[in-house]
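# Per-entry structural report
Chain residues, written in single-letter form:
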Amino acid sequence: MTTVLLFGRLGECFGREVAVVLPRDGWTIADLRRHLSTLVPGGEEILDSVKVRACVDQVMAEEGTMVGSGQEVAFFPPVSGG
Amino acid sequence: MTGTARLEPRQLEPDAELRAFLAGLDGDGAVVSFVGVARPTGSDGGSLTSLYLDHYPGATEASVEAIVADAMRRFEISRALVVHRCGAVGPGEPIVFVATASRHRRESFLAADFLMDRLKTDAMFWKREEAAGRAVWIEPGARDRSDRLRWDRS
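Here is what the cut-offs are and how they apply
- Residues numbered from 1 in each chain as written.
- Chains lettered and ligands numbered in written order.
- Predicted model: local features only at pLDDT ≥ 70, side-chain atom pairs only at ≥ 80, totals over all residues.
- Heavy atoms only, no water.
- Helix = DSSP H or I, 4+ residues; strand = E, 2+ residues; numbered from the N terminus.
- Buried < 20%, exposed > 50% of the residue type's maximum accessible area, 1.4 Å probe, protein only.
- Pairing = 2+ DSSP bridges.
- Axes fitted to C-alpha atoms, helices over the stretch in contact; angles between N-to-C directions.
- Contact = heavy atoms within 4.5 Å.
- Buried area = accessible area lost by both parts, 1.4 Å probe.
- Salt bridge = Lys/Arg side-chain N within 4 Å of Asp/Glu carboxyl O.
- Polar contact = N/O pair within 3.5 Å; in protein donor to acceptor, adjacent residues only side chain to side chain.

### Focus on the overall build of chain B
Tallying secondary structure elements over chain B gives 4 helices and 8 strands in all. Going from the N terminus to the C terminus, chain B shows its helices and strands as β-α-β-β-α-β-β-β-α-β-β-α. C-alpha atoms of chain B, sized along the principal axes, occupy 50 × 35 × 30 Å. Residue burial in chain B is summarised as follows: out of 154 residues, 48% are buried.

So this is what it looks like as structure tokens:
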């Protein structure tokens, strides 16, 4: 089981937190993105954007980054502070 | 040299922050401070009831700390402080307070300008404008991105 956190408009679409059961060998960020996109109508369009980035255990991740059970994953749209 | 970043879930009080910052000076001759305030109107010109700042606990603090550390490395400043709101912010309320201190004024002005440009594009917040019956998520605009790029060229 791993926890996926979603921020900004993604949190509104998917909920703030989604629990995902990973296969034994884990998943890449790209695999997780594909899985999550099936959970809500229009999810593919919402998540399949080059602008939606990901972190694993709070460190920026690439599409090929592996995720194992117990790790924390976050997906988020472009940030905007100040 | 001291760089400080803090997340503020309640009301931000710029006057108290500036007083405390001034009290901590050590041989500096210049202090620059900036207050970002929530506008009463949204990106479409309509009246807002509030602005909501979503954040990622832990990662957001780390992102602001990294920006402050970068400013400390880049400019000849002795102190830098960023206090950033999270949660619901009412129109006219402060969102962000930035202060910098240095021996001479130029470095403080530059560092404060740099900090704000970086916060706009690199700090892990997500802004939602809220008005009666509607809410819109705001992303950095072309101006924010070009302001950020100025520092890569200099």
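### Concerning the sheet that holds strand S3 (residues 50–55) of chain B
Within a sheet, adjacent strands bond to each other through the backbone by hydrogen bonds, running parallel or antiparallel. Residues and elements named next belong to chain B. Spatially, S5-S3-S7-S8 is the arrangement adopted by the 4 strands of the open sheet, whose pairing is antiparallel. The sheet is open, and its two borders are formed by strand S5 (87–89) and strand S8 (134–138), each paired with just one other strand. The average angle at which neighbouring strand axes cross in this sheet is 25°, direction not considered. Inspection of the sheet shows S3 paired to S5 by 3 bridges, in the antiparallel sense. Bridge assignment links Leu 51 to a residue of S5, and that residue is Val 89.

### Quick word on the interface of chain A and chain B
In this complex, chain A contributes 18 residues to the contact, which on the side of chain B involves 24 residues. In this assembly, chain A packs against chain B so that about 1,700 Å² is buried in total across both faces, 53% of it on carbon and sulfur atoms. Seen at the junction of chain A and chain B, the total is 4 salt bridges. Of the charged contacts in the structure, one is a salt bridge between Arg 9 of chain A and Glu 139 of chain B, with a shortest N-O distance of 3.6 Å. Across the contact surface, chain A and chain B share 14 residue pairs in polar contact (both at pLDDT 80 or more).

As far as function goes, none of this settles anything; it's purely spatial.
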